[in-house]
Amino acid sequence: MRGWLDSLPRAEYNKHKAGLVVACAESRSKILNWIYGRCKVPNSAKKLINAYTLQVSGKEIFTIAKPEELTEGVSGHASDTAI
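What comes next concerns the included structure. (Residues numbered from 1 in each chain as written. Predicted model: local features only at pLDDT ≥ 70, side-chain atom pairs only at ≥ 80, totals over all residues. Heavy atoms only, no water.)

**Details of the pattern of salt bridges**
We apply this condition: Whenever a carboxyl oxygen of Asp or Glu lies within 4 Å of a side-chain nitrogen of Lys or Arg, that contact is scored as a salt bridge. Strands here are runs of E lasting at least two residues and helices are runs of H or I lasting at least four, both read from the DSSP assignment and numbered beginning at the N terminus. Only protein chains enter the calculation, and the probe is 1.4 Å; a residue is then buried if its accessible area is under 20% of its type maximum, exposed if over 50%, and partly exposed in between.
The tally for this structure, following the rule as stated, stands at 2 salt bridges. Arg2 is paired through a salt bridge with Asp6; the nearest N and O atoms lie 3.9 Å apart. In this pair, Arg2 and Asp6 both sit in helix 1 (residues 2-7), 4 residues apart, roughly one turn of the helix. Judged by its relative accessible area of 39%, Arg2 falls in the partly exposed class. Here Lys30 makes a salt bridge to Glu26, at a shortest N to O gap of 3.5 Å. Owing to a relative accessible area of 35%, Lys30 belongs among the partly exposed residues under this scheme.

Here it is in structure tokens:
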């Protein structure tokens, strides 16, 4: 998220930080924690942030995996045998 903000013209940086506060309906301190990597951005907020960044710059900054998609090496089904 910070990379996206840093890519904007400097004069728009604070305007869009404030825009993220409004778009996510979160406190300024929480948004700053997300921007500076002090805590993880929840998926629900990533969707709101993507909607905001898409409107502002025409691109989404987060890739949100669908719950039914499993990563490589992860089984979605438990076997009946113990290892």
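There's plenty left to go through after this.
**Some points on the side chain of Lys46**
The condition is simple: Charged residues are defined here as Lys and Arg on the positive side and Asp and Glu on the negative side; His and the ends of the chain fall outside this count. Contacts are assigned to residue pairs that have any heavy atoms within 4.5 Å of one another.
Considering the arrangement of structural elements, one finds Lys46 in helix 4 (residues 43-57). The side chain of Lys46 is buried and forms no salt bridge, while Glu60, the nearest opposite charge, is found at 12 Å. Sequence-distant contacts of Lys46, that is, excluding residues within four places in its chain, are made with Val41, Phe62 and Ile64.

**Comments concerning the environment of Val21**
Considering the arrangement of structural elements, one finds Val21 in helix 2 (residues 13-24). Sequence-wise, Val21 and Ile31 are 10 residues apart; in three dimensions their C-alpha atoms are separated by 6.3 Å. Excluding its chain neighbours within four sequence positions, the residues that come into contact with Val21 are Glu26, Ser27, Arg28 and Ile31.

**Considering the nonpolar core**
Defined as follows: For this analysis, a nonpolar core means a set of buried residues of the types Ala, Val, Leu, Ile, Met, Phe, Trp, Tyr and Cys, connected via side-chain atoms within 4.5 Å.
By size, the foremost hydrophobic cluster in this structure holds 16 residues, and its most contacted members are Met1, Leu5, Leu20, Trp34, Ile35, Val41 and Ile49. Looking at this core, the elements with two or more residues in it are helix 1, helix 2, helix 3 (28-35) and helix 4. The greatest single-element share of this core, amounting to 4 residues, is contributed by helix 3. Apart from residues lying up to four places away in sequence, Leu5 is in contact with Tyr13, His16, Lys17, Leu20 and Ile35.

In short, the description is geometric, and any link to function would need to be established separately.
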